[in-house]
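# Descriptive structure summary
Here is how the chains run, residue by residue.
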Amino acid sequence: MLPLPPQKKLRYAEQLILKNMALQAGIVGLPNVGKSTLFNALSSAKAQAANFPFCTIEPNIGVITVPDDRLIELEKLVKPQKVVPTTVEIVDIAGLVKGASKGEGLGNQFLGNIRATDAVIHVLRCFDDDNVIHVDGAVNPVRDKEIIDTELQLKDLDSIDKKISKSEKATRTSGDKEQIRGLEILQELKKHLEQGKNARSFPISKEDKEKFVGDLFLLTIKPVIYVCNVDEKSVVNGNRHTEAVKALVKDEDAEILLISAAIESEIAVMDSYEDRQMFLEDMGLKESGVARLIRSTYHLLHLITYFTAGVQEVRAWTITRGMLAPQAAGVIHTDFEKGFIRAEVIKYNDFIHYKSEAACRDAGKLAVQGKDYVVEDGDIMHFRFNV
(Lines give C-alpha, C1' and ligand atoms only; values in the text may rest on other atoms or scores of the structure.)
Protein backbone atom coordinates (compact mmCIF):
# COMPACT_ATOMS: atom_id res chain seq x y z
CA MET A 1 0.00 0.00 0.00
CA LEU A 2 1.53 3.29 -1.11
CA PRO A 3 0.65 6.66 0.44
CA LEU A 4 -0.52 9.64 -1.57
CA PRO A 5 0.24 13.33 -1.11
CA PRO A 6 -2.15 15.49 0.98
CA GLN A 7 -4.21 16.78 -1.95
CA LYS A 8 -5.16 13.18 -2.75
CA LYS A 9 -5.53 12.18 0.89
CA LEU A 10 -9.31 12.52 0.92
CA ARG A 11 -9.77 10.31 -2.12
CA TYR A 12 -7.17 7.88 -0.80
CA ALA A 13 -8.93 7.62 2.56
CA GLU A 14 -12.20 6.96 0.76
CA GLN A 15 -10.61 4.16 -1.28
CA LEU A 16 -9.12 2.55 1.80
CA ILE A 17 -12.35 2.69 3.76
CA LEU A 18 -14.41 1.35 0.88
CA LYS A 19 -12.03 -1.61 0.70
CA ASN A 20 -12.36 -2.13 4.49
CA MET A 21 -8.66 -1.45 4.93
CA ALA A 22 -7.62 0.23 8.17
CA LEU A 23 -5.92 3.59 8.05
CA GLN A 24 -2.38 3.48 9.35
CA ALA A 25 -0.32 5.95 11.33
CA GLY A 26 3.38 5.23 11.78
CA ILE A 27 5.22 6.06 15.01
CA VAL A 28 8.73 7.35 14.27
CA GLY A 29 11.57 8.83 16.26
CA LEU A 30 15.11 8.25 17.42
CA PRO A 31 15.85 5.18 19.57
CA ASN A 32 14.86 5.42 23.26
CA VAL A 33 12.49 8.36 22.97
CA GLY A 34 9.52 6.29 24.18
CA LYS A 35 8.10 5.08 20.86
CA SER A 36 7.56 1.45 21.80
CA THR A 37 6.37 2.32 25.30
CA LEU A 38 3.76 4.61 23.77
CA PHE A 39 2.86 1.97 21.18
CA ASN A 40 2.36 -0.65 23.89
CA ALA A 41 0.10 1.70 25.79
CA LEU A 42 -1.91 2.60 22.72
CA SER A 43 -2.22 -0.72 21.03
CA SER A 44 -3.65 -4.14 21.62
CA ALA A 45 -0.34 -5.49 20.26
CA LYS A 46 2.79 -5.59 22.42
CA ALA A 47 6.14 -4.43 21.10
CA GLN A 48 9.31 -5.15 23.01
CA ALA A 49 10.30 -2.14 25.13
CA ALA A 50 13.95 -2.18 26.17
CA ASN A 51 16.58 0.33 27.18
CA PHE A 52 18.73 0.01 24.08
CA PRO A 53 18.46 1.01 20.40
CA PHE A 54 16.80 -1.19 17.75
CA CYS A 55 14.74 -3.28 20.16
CA THR A 56 12.00 -3.14 17.52
CA ILE A 57 13.42 -4.82 14.42
CA GLU A 58 10.22 -5.38 12.42
CA PRO A 59 7.37 -2.87 12.39
CA ASN A 60 4.75 -3.87 14.94
CA ILE A 61 1.18 -3.24 13.88
CA GLY A 62 -1.39 -2.70 16.59
CA VAL A 63 -5.09 -1.97 16.41
CA ILE A 64 -6.50 0.89 18.47
CA THR A 65 -10.18 1.01 19.26
CA VAL A 66 -11.29 4.57 18.66
CA PRO A 67 -12.73 5.88 21.95
CA ASP A 68 -16.13 7.50 21.46
CA ASP A 69 -18.47 8.23 24.38
CA ARG A 70 -21.36 8.52 21.92
CA LEU A 71 -21.27 4.75 21.47
CA ILE A 72 -21.73 4.31 25.22
CA GLU A 73 -24.79 6.56 25.23
CA LEU A 74 -26.29 4.86 22.18
CA GLU A 75 -25.77 1.46 23.79
CA LYS A 76 -27.72 2.57 26.87
CA LEU A 77 -30.71 3.62 24.78
CA VAL A 78 -30.77 0.96 22.03
CA LYS A 79 -29.59 -2.00 24.15
CA PRO A 80 -28.11 -3.84 21.14
CA GLN A 81 -26.73 -7.37 21.07
CA LYS A 82 -23.28 -5.95 20.35
CA VAL A 83 -21.40 -2.66 19.95
CA VAL A 84 -18.70 -2.30 17.29
CA PRO A 85 -16.35 0.70 17.51
CA THR A 86 -14.14 1.81 14.64
CA THR A 87 -10.37 1.26 14.70
CA VAL A 88 -7.07 2.77 13.57
CA GLU A 89 -3.88 0.82 12.90
CA ILE A 90 -0.68 2.06 14.54
CA VAL A 91 2.66 0.92 13.14
CA ASP A 92 5.66 1.02 15.48
CA ILE A 93 8.66 1.67 13.25
CA ALA A 94 12.09 1.01 14.71
CA GLY A 95 14.21 4.02 15.69
CA LEU A 96 15.92 5.96 12.94
CA VAL A 97 19.49 7.20 13.34
CA LYS A 98 21.65 9.79 11.63
CA GLY A 99 22.62 8.40 8.22
CA ALA A 100 19.44 6.33 7.80
CA SER A 101 18.88 7.77 4.31
CA LYS A 102 22.24 6.24 3.33
CA GLY A 103 21.41 2.91 4.93
CA GLU A 104 22.90 3.49 8.39
CA GLY A 105 21.35 1.40 11.15
CA LEU A 106 18.41 -0.28 9.48
CA GLY A 107 17.63 2.90 7.58
CA ASN A 108 16.39 1.77 4.20
CA GLN A 109 14.03 -0.78 5.70
CA PHE A 110 12.62 1.72 8.21
CA LEU A 111 12.16 4.47 5.63
CA GLY A 112 10.24 2.00 3.48
CA ASN A 113 7.96 1.25 6.43
CA ILE A 114 7.25 4.97 6.86
CA ARG A 115 6.39 5.25 3.18
CA ALA A 116 3.59 2.69 3.63
CA THR A 117 1.72 4.73 6.27
CA ASP A 118 -0.89 7.48 5.88
CA ALA A 119 0.21 9.81 8.68
CA VAL A 120 3.32 10.17 10.84
CA ILE A 121 3.35 10.28 14.63
CA HIS A 122 6.77 11.76 15.43
CA VAL A 123 7.69 11.05 19.05
CA LEU A 124 10.14 13.45 20.68
CA ARG A 125 11.73 12.81 24.05
CA CYS A 126 10.93 15.76 26.30
CA PHE A 127 11.83 14.31 29.69
CA ASP A 128 15.09 14.02 31.64
CA ASP A 129 15.96 10.64 33.14
CA ASP A 130 19.54 9.51 33.77
CA ASN A 131 18.35 5.91 33.86
CA VAL A 132 17.19 5.98 30.22
CA ILE A 133 20.09 6.48 27.85
CA HIS A 134 19.82 8.77 24.83
CA VAL A 135 21.37 7.64 21.57
CA ASP A 136 23.07 11.06 21.19
CA GLY A 137 23.96 11.55 24.84
CA ALA A 138 21.83 14.49 26.00
CA VAL A 139 18.08 15.19 25.78
CA ASN A 140 17.44 17.71 23.00
CA PRO A 141 14.14 17.30 21.12
CA VAL A 142 14.97 20.11 18.67
CA ARG A 143 18.11 18.30 17.55
CA ASP A 144 16.23 14.98 17.46
CA LYS A 145 13.52 16.40 15.22
CA GLU A 146 16.07 17.91 12.86
CA ILE A 147 17.89 14.57 12.59
CA ILE A 148 14.70 12.74 11.59
CA ASP A 149 13.64 15.55 9.25
CA THR A 150 17.05 15.56 7.56
CA GLU A 151 16.97 11.83 6.91
CA LEU A 152 13.47 11.98 5.44
CA GLN A 153 14.35 15.05 3.37
CA LEU A 154 17.46 13.37 1.98
CA LYS A 155 15.38 10.38 0.92
CA ASP A 156 12.87 12.72 -0.75
CA LEU A 157 15.70 14.58 -2.51
CA ASP A 158 16.89 11.30 -3.92
CA SER A 159 13.43 10.67 -5.39
CA ILE A 160 13.21 14.22 -6.78
CA ASP A 161 16.69 14.05 -8.35
CA LYS A 162 15.73 10.90 -10.23
CA LYS A 163 12.58 12.51 -11.60
CA ILE A 164 14.42 15.72 -12.51
CA SER A 165 16.94 13.69 -14.50
CA LYS A 166 14.14 11.97 -16.45
CA SER A 167 12.27 15.26 -16.93
CA GLU A 168 15.34 17.04 -18.29
CA LYS A 169 15.79 14.38 -20.94
CA ALA A 170 12.08 14.51 -21.84
CA THR A 171 11.96 18.31 -22.14
CA ARG A 172 15.08 18.42 -24.31
CA THR A 173 13.43 16.00 -26.69
CA SER A 174 9.88 17.35 -26.76
CA GLY A 175 10.10 21.01 -25.73
CA ASP A 176 6.62 20.56 -24.23
CA LYS A 177 5.63 23.63 -22.16
CA GLU A 178 3.78 21.53 -19.59
CA GLN A 179 6.80 19.30 -19.03
CA ILE A 180 9.05 22.36 -18.75
CA ARG A 181 6.74 23.83 -16.12
CA GLY A 182 6.76 20.56 -14.21
CA LEU A 183 10.56 20.51 -14.30
CA GLU A 184 10.70 24.04 -12.92
CA ILE A 185 8.40 23.07 -10.05
CA LEU A 186 10.56 20.06 -9.21
CA GLN A 187 13.69 22.22 -9.21
CA GLU A 188 12.02 24.70 -6.84
CA LEU A 189 10.89 21.88 -4.59
CA LYS A 190 14.44 20.56 -4.52
CA LYS A 191 15.70 23.97 -3.36
CA HIS A 192 12.98 24.00 -0.69
CA LEU A 193 14.12 20.66 0.72
CA GLU A 194 17.79 21.63 0.52
CA GLN A 195 16.95 24.54 2.85
CA GLY A 196 15.94 21.99 5.50
CA LYS A 197 12.20 22.41 4.91
CA ASN A 198 9.67 19.62 4.54
CA ALA A 199 7.70 19.09 1.33
CA ARG A 200 4.39 19.65 3.15
CA SER A 201 5.28 23.35 3.53
CA PHE A 202 6.17 23.86 -0.15
CA PRO A 203 3.86 26.51 -1.72
CA ILE A 204 2.11 24.85 -4.63
CA SER A 205 -1.45 24.53 -5.94
CA LYS A 206 -3.38 21.29 -5.48
CA GLU A 207 -3.52 20.77 -9.23
CA ASP A 208 0.23 21.21 -9.74
CA LYS A 209 1.06 19.06 -6.74
CA GLU A 210 -1.13 16.26 -8.03
CA LYS A 211 0.20 16.55 -11.57
CA PHE A 212 3.92 16.95 -10.96
CA VAL A 213 4.66 15.71 -7.41
CA GLY A 214 2.00 13.14 -6.58
CA ASP A 215 3.78 10.16 -8.15
CA LEU A 216 6.87 10.69 -5.94
CA PHE A 217 5.11 9.59 -2.72
CA LEU A 218 7.35 11.88 -0.67
CA LEU A 219 7.97 11.09 2.99
CA THR A 220 7.98 14.71 4.20
CA ILE A 221 4.68 15.48 2.49
CA LYS A 222 2.76 13.27 4.92
CA PRO A 223 0.64 14.91 7.64
CA VAL A 224 2.44 14.77 10.99
CA ILE A 225 1.63 14.83 14.69
CA TYR A 226 4.47 15.74 17.05
CA VAL A 227 4.10 13.85 20.32
CA CYS A 228 6.16 15.31 23.12
CA ASN A 229 6.78 12.42 25.50
CA VAL A 230 6.97 14.11 28.90
CA ASP A 231 7.25 13.11 32.54
CA GLU A 232 4.11 12.99 34.70
CA LYS A 233 4.66 16.46 36.17
CA SER A 234 4.83 18.06 32.71
CA VAL A 235 1.84 16.42 31.04
CA VAL A 236 -0.52 19.38 31.62
CA ASN A 237 1.65 22.48 31.27
CA GLY A 238 4.75 21.11 29.54
CA ASN A 239 8.37 22.04 30.26
CA ARG A 240 11.36 23.75 28.66
CA HIS A 241 11.71 20.93 26.12
CA THR A 242 8.10 21.17 24.93
CA GLU A 243 8.33 24.95 24.67
CA ALA A 244 11.36 24.54 22.40
CA VAL A 245 9.42 22.11 20.20
CA LYS A 246 6.42 24.45 19.96
CA ALA A 247 8.67 27.31 18.89
CA LEU A 248 10.36 25.10 16.30
CA VAL A 249 7.16 23.86 14.59
CA LYS A 250 4.98 26.97 14.95
CA ASP A 251 4.98 27.57 11.20
CA GLU A 252 4.29 23.96 10.26
CA ASP A 253 0.82 22.65 9.54
CA ALA A 254 1.09 20.02 12.26
CA GLU A 255 -0.50 18.88 15.50
CA ILE A 256 1.41 18.94 18.81
CA LEU A 257 0.44 16.76 21.77
CA LEU A 258 1.90 16.44 25.27
CA ILE A 259 1.66 12.81 26.30
CA SER A 260 3.29 10.87 29.09
CA ALA A 261 3.95 7.35 27.86
CA ALA A 262 4.40 6.33 31.50
CA ILE A 263 0.89 7.55 32.38
CA GLU A 264 -0.61 5.88 29.32
CA SER A 265 1.08 2.62 30.34
CA GLU A 266 -0.65 2.78 33.73
CA ILE A 267 -4.03 3.56 32.16
CA ALA A 268 -3.67 0.68 29.70
CA VAL A 269 -3.71 -1.96 32.44
CA MET A 270 -6.78 -0.57 34.22
CA ASP A 271 -9.89 -2.66 33.55
CA SER A 272 -12.48 -0.26 34.96
CA TYR A 273 -13.61 2.82 33.02
CA GLU A 274 -14.33 4.54 36.33
CA ASP A 275 -10.82 3.78 37.61
CA ARG A 276 -9.31 5.24 34.47
CA GLN A 277 -11.38 8.41 34.77
CA MET A 278 -10.47 8.86 38.44
CA PHE A 279 -6.79 8.38 37.61
CA LEU A 280 -6.97 10.98 34.84
CA GLU A 281 -8.71 13.47 37.14
CA ASP A 282 -5.97 12.98 39.74
CA MET A 283 -3.45 13.81 37.02
CA GLY A 284 -5.37 16.94 36.03
CA LEU A 285 -6.41 15.45 32.69
CA LYS A 286 -9.84 15.34 31.08
CA GLU A 287 -9.07 12.43 28.78
CA SER A 288 -6.30 10.01 27.95
CA GLY A 289 -3.49 10.58 25.51
CA VAL A 290 -4.99 7.78 23.39
CA ALA A 291 -8.19 9.77 22.85
CA ARG A 292 -6.30 12.98 22.06
CA LEU A 293 -3.94 11.22 19.68
CA ILE A 294 -6.73 9.54 17.74
CA ARG A 295 -8.71 12.77 17.51
CA SER A 296 -5.62 14.51 16.13
CA THR A 297 -5.12 11.72 13.60
CA TYR A 298 -8.75 12.06 12.50
CA HIS A 299 -8.30 15.82 12.16
CA LEU A 300 -5.14 15.41 10.08
CA LEU A 301 -6.78 12.94 7.70
CA HIS A 302 -10.14 14.76 7.57
CA LEU A 303 -12.05 11.82 9.06
CA ILE A 304 -15.42 11.78 10.83
CA THR A 305 -17.72 9.12 12.31
CA TYR A 306 -21.31 8.20 11.60
CA PHE A 307 -23.37 5.50 13.33
CA THR A 308 -25.83 2.75 12.58
CA ALA A 309 -28.05 1.80 15.50
CA GLY A 310 -30.35 -1.23 15.79
CA VAL A 311 -31.17 -3.98 18.25
CA GLN A 312 -28.67 -6.32 16.60
CA GLU A 313 -25.78 -3.86 16.50
CA VAL A 314 -24.71 -0.31 17.27
CA ARG A 315 -21.70 0.47 15.13
CA ALA A 316 -19.35 3.36 14.35
CA TRP A 317 -18.16 3.91 10.77
CA THR A 318 -15.20 6.04 9.69
CA ILE A 319 -15.60 8.17 6.58
CA THR A 320 -13.89 11.14 4.99
CA ARG A 321 -15.33 14.56 5.78
CA GLY A 322 -17.38 15.73 2.82
CA MET A 323 -18.56 12.28 1.75
CA LEU A 324 -22.04 12.09 0.23
CA ALA A 325 -24.65 9.67 1.55
CA PRO A 326 -24.14 7.01 -1.20
CA GLN A 327 -20.38 6.95 -0.55
CA ALA A 328 -20.98 6.61 3.18
CA ALA A 329 -23.37 3.74 2.48
CA GLY A 330 -20.66 2.10 0.37
CA VAL A 331 -18.45 1.89 3.46
CA ILE A 332 -20.86 -0.72 4.80
CA HIS A 333 -21.19 -2.58 1.50
CA THR A 334 -20.61 -1.64 -2.12
CA ASP A 335 -24.16 -2.78 -2.95
CA PHE A 336 -25.48 -0.05 -0.64
CA GLU A 337 -23.82 2.57 -2.83
CA LYS A 338 -24.70 0.98 -6.15
CA GLY A 339 -28.38 0.67 -5.31
CA PHE A 340 -28.71 3.71 -3.07
CA ILE A 341 -32.26 5.09 -2.87
CA ARG A 342 -32.23 7.32 0.21
CA ALA A 343 -30.83 7.72 3.71
CA GLU A 344 -32.86 8.22 6.86
CA VAL A 345 -30.84 10.48 9.14
CA ILE A 346 -31.19 11.38 12.82
CA LYS A 347 -28.80 13.82 14.47
CA TYR A 348 -27.04 12.34 17.49
CA ASN A 349 -28.26 15.02 19.92
CA ASP A 350 -31.86 14.50 18.77
CA PHE A 351 -31.57 10.74 19.28
CA ILE A 352 -30.23 11.25 22.80
CA HIS A 353 -32.99 13.76 23.58
CA TYR A 354 -35.93 11.70 22.25
CA LYS A 355 -34.33 8.37 23.23
CA SER A 356 -35.44 6.24 20.25
CA GLU A 357 -35.81 6.20 16.48
CA ALA A 358 -39.60 5.99 16.76
CA ALA A 359 -39.76 9.02 19.03
CA CYS A 360 -37.48 10.99 16.68
CA ARG A 361 -39.73 10.08 13.77
CA ASP A 362 -42.84 11.20 15.64
CA ALA A 363 -41.15 14.50 16.56
CA GLY A 364 -40.16 15.16 12.97
CA LYS A 365 -36.45 14.69 13.73
CA LEU A 366 -35.87 11.92 11.20
CA ALA A 367 -34.88 13.43 7.86
CA VAL A 368 -35.04 11.63 4.52
CA GLN A 369 -31.96 12.55 2.49
CA GLY A 370 -31.00 11.87 -1.11
CA LYS A 371 -27.80 11.35 -3.09
CA ASP A 372 -26.56 14.91 -2.57
CA TYR A 373 -26.63 14.81 1.23
CA VAL A 374 -23.23 15.51 2.86
CA VAL A 375 -22.88 13.27 5.89
CA GLU A 376 -22.04 15.04 9.16
CA ASP A 377 -20.08 13.79 12.16
CA GLY A 378 -22.37 11.94 14.57
CA ASP A 379 -25.18 11.25 12.09
CA ILE A 380 -27.21 8.13 12.88
CA MET A 381 -28.12 6.65 9.50
CA HIS A 382 -30.31 3.99 7.97
CA PHE A 383 -29.89 3.34 4.25
CA ARG A 384 -32.55 2.25 1.78
CA PHE A 385 -31.18 0.56 -1.34
CA ASN A 386 -32.18 -1.74 -4.17
CA VAL A 387 -29.81 -3.98 -6.11
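## Details of the overall build of the protein chain
The number of helices and strands found in the protein chain is 15 helices and twelve strands. Looking at the 387 residues of the protein chain, the share that counts as buried comes to 50%. For the protein chain, contacts bridging at least 24 residues in sequence account for 69% of all contacts bridging at least 6. Accessible surface, the protein chain: about 18,600 Å² in total, of which carbon and sulfur atoms supply 50%.

## Quick notes on the pattern of salt bridges
Taken as a whole, this structure holds 22 salt bridges when the rule is applied. In this structure, the salt-bridge partner of Lys82 is Glu313, at a minimum N-O distance of 3.6 Å. Separated by 231 residues along the polypeptide, Lys82 in strand β3 (residues 82–84) and Glu313 in strand β9 (residues 313–320) bring together distant segments of the chain. In this structure, the salt-bridge partner of Glu376 is Lys347, at a minimum N-O distance of 3.0 Å.

## Section: helix α9 (residues 261–268)
Along α9, the residues that are buried comprise Ala261, Ile263, Glu264 and Ile267. The buried residues of α9 all sit within an arc of 155° when viewed along its axis, so they share a single face. Where α9 is buried, its residues meet α2 (35–42), β6 (224–229), β7 (255–259), α10 (273–282) and α11 (289–300).

## Let's talk about the sheet that holds β6
Spatial strand order, β2-β4-β1-β5-β6-β7: six strands in an open sheet with mixed pairing. Each edge of the open sheet carries a strand with a single partner, namely β2 (60–65) and β7. Here the strands of the sheet are splayed against their neighbours by 25° on average, with no regard to which way each runs. Summarising the sheet, strand β5 (residues 119–125) and β6 pair through six bridges and their orientation is parallel.

## What to know about the confidence of the model for the protein chain
Within the protein chain, residue pLDDT values average 84, and 84% of them lie at 70 or more. Per-residue pLDDT stays below 50 along residues 1–21; that stretch engages in 52 contacts with residues further than four places along the chain or on separate chains. The model gives residues 45–57 a pLDDT under 50, and that stretch makes 40 contacts with residues more than four places away or in other chains.

## Looking at the nonpolar core
In this structure, Ile90, Ile121, Val227 and Leu293 are the most contacted members of the largest nonpolar core, which totals 51 residues. Ignoring sequence-local partners within four residues, the contact set of Val227 consists of Leu38, Ile121, His122, Val123, Leu124, Leu257, Ile259 and Leu293. Grouped together as the second largest cluster of nonpolar side chains are 17 residues, Ala329, Phe340, Val345 and Tyr373 included.

## Quick look at the pairing of β6
Of all six residues that make up β6, six are buried, and the element is covered over most of its length. Neither face of β6 is left uncovered, since the one carrying Val224, Tyr226 and Cys228 and the one carrying Ile225, Val227 and Asn229 both have all their residues buried. One ladder, built from five bridges, connects β6 with β7; its direction is parallel. Bridging across to β7, Tyr226 finds its partner in Ile256.

## Overview of the pairing of strand β4 (residues 87–92)
Counting buried positions along β4 gives five out of six residues, so the element sits mostly inside the fold. Across four bridges, the pairing between strand β1 (residues 24–28) and β4 is parallel. Each bridged residue has a counterpart across the sheet, and for Gly26 the counterpart in β4 is Val91. Alignment of β2 against β4, held across six bridges, turns out to be antiparallel. By the bridge assignment for β4, Ile64 is matched with Val88.

The rules we used
- Residues numbered from 1 in each chain as written.
- Predicted model: local features only at pLDDT ≥ 70, side-chain atom pairs only at ≥ 80, totals over all residues.
- Heavy atoms only, no water.
- Helix = DSSP H or I, 4+ residues; strand = E, 2+ residues; numbered from the N terminus.
- Buried < 20%, exposed > 50% of the residue type's maximum accessible area, 1.4 Å probe, protein only.
- Contact = heavy atoms within 4.5 Å.
- Areas by Shrake-Rupley, 256 points an atom, 1.4 Å probe, with all protein chains shown as cover.
- Salt bridge = Lys/Arg side-chain N within 4 Å of Asp/Glu carboxyl O.
- Arc of directions from axis to C-beta.
- Pairing = 2+ DSSP bridges.
- Axes fitted to C-alpha atoms, helices over the stretch in contact; angles between N-to-C directions.
- pLDDT = per-residue confidence, 0-100.
- Core = buried A, V, L, I, M, F, W, Y, C linked by side-chain atoms within 4.5 Å.

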